[in-house]
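Coordinate analysis (summary)
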Amino acid sequence: MVKKIKGEYYLTRSEAIDYLRIVYGAVWCMTKWESSGVRVSYQLTSNRKGNHKFNAYKCDKTSNVRLRKTDLDIYFKGRVNS
């Protein structure tokens, strides 16, 4: 379940994949843990492929790492529009 902490939304890896597929039209998307971050590989509907490493956050009272929604939006808004 998406967590909202101090006005910021944090998504688990599976929530991030769903979010990218719905909002940015990713054809496929996968995540991989990579030395204190999460690498997101994707293909958009424009056939543009790519990957990017995002910071991982560990929220209180959970063992799952999460991605910050704002970080995803900043990165993908530039990819979809270009």
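Use the structure listed above.
The structure displayed is predicted, hence computed values, not measured ones.

1. Some remarks on the side chain of Arg66
Tracing the backbone shows Arg66 in strand E7 (residues 65-68). By relative accessible area, Arg66 is classed as buried at 5%.

2. Describing the environment of Tyr19
The residue Tyr19 is located in helix H1 (residues 13-23) in this model. Along the chain, Tyr19 and Gln43 lie 24 residues apart, while their C-alpha atoms are 14 Å from each other. Engagement of the side chain of Tyr19 in a polar contact is seen with the side chain of Asp73, the distance being 2.5 Å.

3. Quick notes on the sheet that holds strand E6 (residues 57-58)
In space, the four strands of this open sheet follow the order E1-E2-E7-E6, with antiparallel pairing throughout. Edge strands, defined here as strands with exactly one partner in the open sheet, are strand E1 (3-5) and E6. Contacts between H1 and the sheet are confined to strand E2 (8-11) and E7, with E2 contributing the most and set at about 105° to the helix.

What counts, and where the lines are drawn
- Residues numbered from 1 in each chain as written.
- Predicted model: local features only at pLDDT ≥ 70, side-chain atom pairs only at ≥ 80, totals over all residues.
- Heavy atoms only, no water.
- Helix = DSSP H or I, 4+ residues; strand = E, 2+ residues; numbered from the N terminus.
- Buried < 20%, exposed > 50% of the residue type's maximum accessible area, 1.4 Å probe, protein only.
- Polar contact = N/O pair within 3.5 Å; in protein donor to acceptor, adjacent residues only side chain to side chain.
- Pairing = 2+ DSSP bridges.
- Contact = heavy atoms within 4.5 Å.
- Axes fitted to C-alpha atoms, helices over the stretch in contact; angles between N-to-C directions.

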